[in-house]
Structures are given as structure tokens and as C-alpha cells.
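Topology and contacts: notes
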Amino acid sequence: MSIVTYEMIKVSHNAEICTLQFNRPNHKNTLNKQMIEECLRVIDDCELRSNILVIKGLPDVFCFGADFSWMDKQEYTDNQQGSEHDPSILYTLWKRIALGPFISIAVVEGRVNAGGMGFVAACDIVLSGNRAQYSLSELIFGILPACVMPFLIKKVGWQKANYMTLMTSPFNAHDVANWGLADAVSDDLDELLRRHLLRLRRLPRDGIIRHKHYMNTLNPQLLEHEPIAVQENRATFSLPSVVTNIGRYVDSGKLPWES
């Protein structure tokens, strides 16, 4: 087994299986540009040599969404393309996880929120711990989970994606399993993953590639909805009310309705 070390993720390769683990424990595994770019480098490698990509978080949190700490007014009001908050690179990452020539598996423990839900919804298979919690909190701040929605709707349908967005509160593993987001739930995630990998690693690479291509042809919405999702994300983050709400939360930890 060979291990490659990055700053914000941990990556290991074992034959045809690549494991990517988010590793920002002091920041709830939140996403910034560097972390996204590190993940994209892993995907470059997976597209060449991996049959299976396993994505993990930490025991208490899978990924809590965007890291607000580096966001300031300049970032919101200027052209976001290529900036620290450029939604197109995150959408590209999720799209490559969803459409890539490998089987993608999300292994979810703890909390997953907002942009973290994009990784879950992008994966072919989702394995969940019993205590995992899933949420979309964006609308609390006046933000839309615009880039997450095409992936989430593909998984759970329009109404459940709409319900999660409006409620903003966490849902448990059995809720999301009933909706079709999680494929299997267990107290022992390591054993659950082991059993899946025993079966999946037998599949030939050319068969995986043909299957993924065929499934993507049957359901092309991720490509079709990309421009409007990215545009809506950029527009939302430019709203003065959103800038105020996020800035206040970063400074004081207070939600918009808290005095």
C-alpha cells in the first residue's frame, strides 16, 4: 500500500481502491479552495488507475460545508471566477466524482451539512453510520444550496430535496435511507464497507466504465443544470443580506435571528 500525504486530506491507494479522507479536524472538515484543489488532484489520479473511490470524513463530522472564515465582502462582490469562493470548481469536483470512470462510495459518520451533502449526493453508493446526521443549513443565511441541488434531486427526488432545504435541520440516517440517499446503514461502518468492497472489487474496469457512461447518458441532468446552478450560487453570495448574515456569524457565532 502506498500513502500520499496532503495538507487538508489524507489519501491512500490499495491496488484498485483509492481512499480519500477529509482531514481538517479543527475546522469541522469545512471546504476551502485548497482543499477542493487537493481533492481534484486525487480525482485526476483515480480517473487513470482506480476502480473504486472511497470518500470518508472523521468520526464526528464528514464535511460541514463551506469554510466561512476566509469569506469577506471583497470576495462576495467581485467576480468570483478563480477566487477563493468560486462555486464552479466545487461543482466540477462533484461532477467528476459522479460521472468518473470509477465507483464512488461515501462513508458517512457524524454530521454532514451544506456543501458536504454535495459529496454524499454525488457518490454512486452511500454507506451511513447509525448516528450520522444530514442537513442543508444554507437557507438560514439566505443562501441557496444551488450547486448541491442537481446532485441531491438526482438521488432523492425534487420534493425531498426541497423539504431538506426548507427545514434546514438535521435528518437521521434512517430518514435519508428511506429517501434513497443512504444505501445501507450500520453501527459498524468498517465491516459494512469491507463487505461492499469484497463484491465491488471483482468488477472489471471496462465494465465499470461502460456502466457509468450508460447511466450518465440516461440521466444527463448534472451537465444540463451546471450553468444555472453555478450562476445562482454566485448571485446568492452577492446579496448584501447574505454578506451581512455570514459576516455576523463569522464574527460572533450568532445566527441571523439571534439578537
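All of these numbers come straight from a predicted model, not from anything done at the bench. (Residues numbered from 1 in each chain as written. Predicted model: local features only at pLDDT ≥ 70, side-chain atom pairs only at ≥ 80, totals over all residues. Heavy atoms only, no water.)

Once that is clear, we can look at the nonpolar core. Phe22, Phe62, Phe119, Tyr134 and Leu152 are the most contacted members of the largest nonpolar core, which has 56 residues in total. One finds Ile52, Ala184, Leu189 and Leu200 within the second-largest nonpolar core, a separate group that totals 15 residues. (Core = buried A, V, L, I, M, F, W, Y, C linked by side-chain atoms within 4.5 Å. Buried < 20%, exposed > 50% of the residue type's maximum accessible area, 1.4 Å probe, protein only.)

A separate point is the sheet that holds strand S7 (residues 111–113). Here we have four strands laid out as an open sheet, ordered S5-S7-S9-S10, and mixed in their pairing. Strands at the two margins of the open sheet, each flanked by one partner only, are strand S5 (61–63) and strand S10 (171–172). As judged from the three bridges shared by S7 and strand S9 (residues 133–135), these two strands associate in the parallel manner. Its bridge partner being in S9, Val112 is matched across the sheet by Tyr134. Sheet contacts for helix H4 (residues 115–122): S5, S7 and S9; angle to S7, the most-contacted strand, approximately 100°. (Pairing = 2+ DSSP bridges. Helix = DSSP H or I, 4+ residues; strand = E, 2+ residues; numbered from the N terminus. Contact = heavy atoms within 4.5 Å. Axes fitted to C-alpha atoms, helices over the stretch in contact; angles between N-to-C directions.)

Turning next to H4. Across the eight residues of H4, eight count as buried, placing the element largely inside the fold. Within the span of H4, buried status applies to Gly115, Gly116, Met117, Gly118, Phe119, Val120, Ala121 and Ala122.

Negative phi values dominate among residues other than glycine, just as trans dominates among peptide bonds. Non-glycine residue Asn29 carries a positive phi angle of around 55°. Within the fold, Asn29 resides in the loop between strand S3 (17–22) and helix H1 (33–49). Located in the positive-phi region is Thr168, a residue other than glycine, with phi close to 65°. For Thr168, the location among the structural elements is in the loop between helix H6 (158–167) and S10.

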